[in-house]
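# Notes for the structure review
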Amino acid sequence: MQLEINVVDAFTDELFKGNSAAVIITENWLADELMQSIATENNLSETAFLVAGSTADTYHIRWFSPLTEIAFCGHATLASAFILFNKYPILKTIRLSARAIGMMTVIQTDNGKIQMNFPNAKPIECEDIPESLLAGLSIAPAEVYKNAQAYFVVYHFESDVLNVVRDNDKLKQLAPLDVVVTCQTQSKQFKDFDFISRYFWPANGGDEDPVTGSIHTGLAPLWADRLGKNELVAYQASKRGGVVYCEVASDRVLISGNAVQYLTGFITIKE
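Quick look at the structure, then. (Residues numbered from 1 in each chain as written. Predicted model: local features only at pLDDT ≥ 70, side-chain atom pairs only at ≥ 80, totals over all residues. Heavy atoms only, no water.)

On to the overall build of the chain. Per the secondary structure count, the chain includes 6 helices and 18 strands. Relative to a compact globule of 271 residues, whose C-alpha radius of gyration would be 18 Å, the chain shows 18 Å and is just as compact. In terms of overall dimensions, the chain has C-alpha extents of about 50 × 40 × 30 Å along its principal axes. Across the 271 residues that make up the chain, the buried fraction comes to 53%. Contacts in the chain between residues at least 24 apart in sequence constitute 63% of all its contacts with a sequence separation of at least 6. Accessible area of the chain: about 12,300 Å², with a carbon and sulfur share of 49%. Each charge class in the chain can be summarised by its mean position, and for the 21 positive and 32 negative side chains these summaries are 3 Å apart. (Helix = DSSP H or I, 4+ residues; strand = E, 2+ residues; numbered from the N terminus. Rg over C-alpha atoms; globule rule 2.2 N^0.38 Å. Buried < 20%, exposed > 50% of the residue type's maximum accessible area, 1.4 Å probe, protein only. Contact = heavy atoms within 4.5 Å. Areas by Shrake-Rupley, 256 points an atom, 1.4 Å probe, with all protein chains shown as cover. Lys, Arg positive; Asp, Glu negative; His and termini not counted. Charge placed at Lys NZ, Arg CZ, Asp CG, Glu CD.)

Rendered as structure tokens:
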């Protein structure tokens, strides 16, 4: 059995930046164990698997990290839509169905960006901060929030976000939740952005994620309230870096970005 695999750098218009995701489209679902083995072998933040739905513009999607299946992944959704739009140029809208998220609408905008329509996942303030979170970060939080995906650590200064050192063994104790650190931008270095962040996920897939679309469904409404604006541009300040365009629209968050093709190939599986 041969499976076509595409690898895409998401949330960037420059190769070797952003976050890499693998995309595999099949007629029927592969066995869960096989999908996990492929994702582990790929060793990317996520591998997305897609199966066609009942109409030409509908697909079912699942995401796997090297360690486990993930309930929601933004950058691999962007990568998947990028591949589908390139394969089927007639499509202007794609609907992706995921068990934990429901139906998501993805469009390709006139400026070439891919825009994803996700549920609003605004975090709430966390009054009881876990000791493992405090011990797992070298810089104490100014504030902590929480949603179903992660703890949101708010800092006052960009230098805190850029320089914080994490203890992965401590942060793993927060499973199944991950940790995002964030602050409002202040310097000329980040003058084109409203806020920056970094995302740590030792509990679910790895060390530091290069660019995390899903977490911006929580970051965007958090900063929209603080900054008094519903359209924001964010930078995830990882080693690779990536740009995320956000729009908060009531109970939805529109997440947009660019993508670049890196690789097309085949996986050979002995049956």
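The discussion continues.
Here we come to the packing of aromatic side chains. One pass over the structure, following the stated rule, counts 7 aromatic pairs. Both rings, one in Phe-72 and one in Phe-118, keep their centres 4.7 Å apart while their planes meet at 80°; by these two values the pair is edge-to-face. Placement of Phe-72 in the loop between strand S5 (69-70) and helix H2 (74-87) and of Phe-118 in strand S8 (residues 114-119) is noted, with a sequence separation of 46 residues between them. Side by side, Phe-72 and Phe-118 carry an identical accessibility label, which is buried. Here the aromatic residues Trp-63, Phe-72 and Phe-118 are joined through ring pairs into a cluster of three or more. Across from the ring centre of Trp-29, 5.4 Å away, lies the NZ or CZ of Arg-62, which sits over that ring. (Phe/Tyr/Trp six-rings, centres within 6.5 Å; stacked < 30°, edge-to-face > 60°. Lys NZ or Arg CZ within 6 Å of the ring centre and 35° of its normal.)

Quick look at unusual backbone geometry now. The omega torsion of the bond from Ala-175 to Pro-176 falls at 10°, within 30 degrees of zero and hence cis. By the element assignment, Pro-176 lies in the loop between helix H5 (168-172) and strand S12 (178-184). Unlike most non-glycine residues, Phe-11 shows phi in positive territory, near 65°. Here Phe-11 lies in the loop between strand S1 (2-10) and strand S2 (19-26). Residue classification places Phe-11 among the buried residues on the basis of a relative accessible area of 1%. Here Phe-16, not a glycine, exhibits a phi torsion of approximately 75°, which is positive. Overall, Phe-16 belongs to the exposed group, its relative accessible area being 53%.

It is worth spelling out the pairing of strand S15 (residues 231-236) at this point. The two faces of S15 differ: Leu-232, Ala-234 and Gln-236 on one face are buried, but Glu-231, Val-233 and Tyr-235 on the other face are not. One ladder, built from 3 bridges, connects strand S13 (residues 195-200) with S15; its direction is parallel. By the bridge assignment, Ser-197 is partnered in S15 with Gln-236. As paired elements, S15 and strand S16 (residues 242-249) share 6 bridges and run antiparallel to each other. Bridge pairing in S16 places Leu-232 opposite Cys-246. Connecting S15 to the next strand, S16, in antiparallel fashion are 5 residues, including Gly-241 with a positive phi near 75°. (Pairing = 2+ DSSP bridges.)

Along the chain, Leu-171 falls in helix H5. Spatially, the C-alpha atom of Leu-171 lies 19 Å from that of Gln-236, the residues being 65 residues apart in sequence. Discounting chain neighbours no more than four positions away, the residues touching Leu-171 are Ser-132, Leu-133, Gly-136, Leu-137, Arg-166, Val-179, Phe-200 and Pro-202.

The next subject is the nonpolar core. Ranked by internal contacts, the top residues of the largest apolar core, which has 53 residues, are Trp-63 and Leu-96. At 8 residues, the largest contribution of residues to this core is made by H2. Residues Cys-126, Tyr-155, Leu-171 and Phe-193 belong to the second largest nonpolar core, which totals 19 residues. (Core = buried A, V, L, I, M, F, W, Y, C linked by side-chain atoms within 4.5 Å.)

To continue, consider the pairing of strand S17 (residues 252-257). Burial analysis of S17 places 5 of its 6 residues in the buried class, which makes it a mostly covered element. Bridge count between S8 and S17: 6 bridges; the pairing is antiparallel. When the bridges of S17 are listed, Asn-117 appears paired with Leu-254. Relative to S17, S16 runs antiparallel, the two being bridged by 5 bridges.

Quick look at the pattern of salt bridges now. Applying the stated criterion across every chain yields a total of 13 salt bridges. Across the pair Glu-4 and Lys-87 runs a salt bridge whose closest N-O atoms are separated by 2.9 Å. Of this pair, Glu-4 sits in strand S1 while Lys-87 sits in helix H2, and the two are 83 residues apart along the sequence. When its relative accessible area of 28% is taken as the criterion, Glu-4 is described as partly exposed. With a relative accessible area of 37%, Lys-87 lands in the partly exposed category. In the salt-bridge network here, residues are joined through shared partners; they are Asp-32, Arg-62, Glu-69 and Arg-99. (Salt bridge = Lys/Arg side-chain N within 4 Å of Asp/Glu carboxyl O.)

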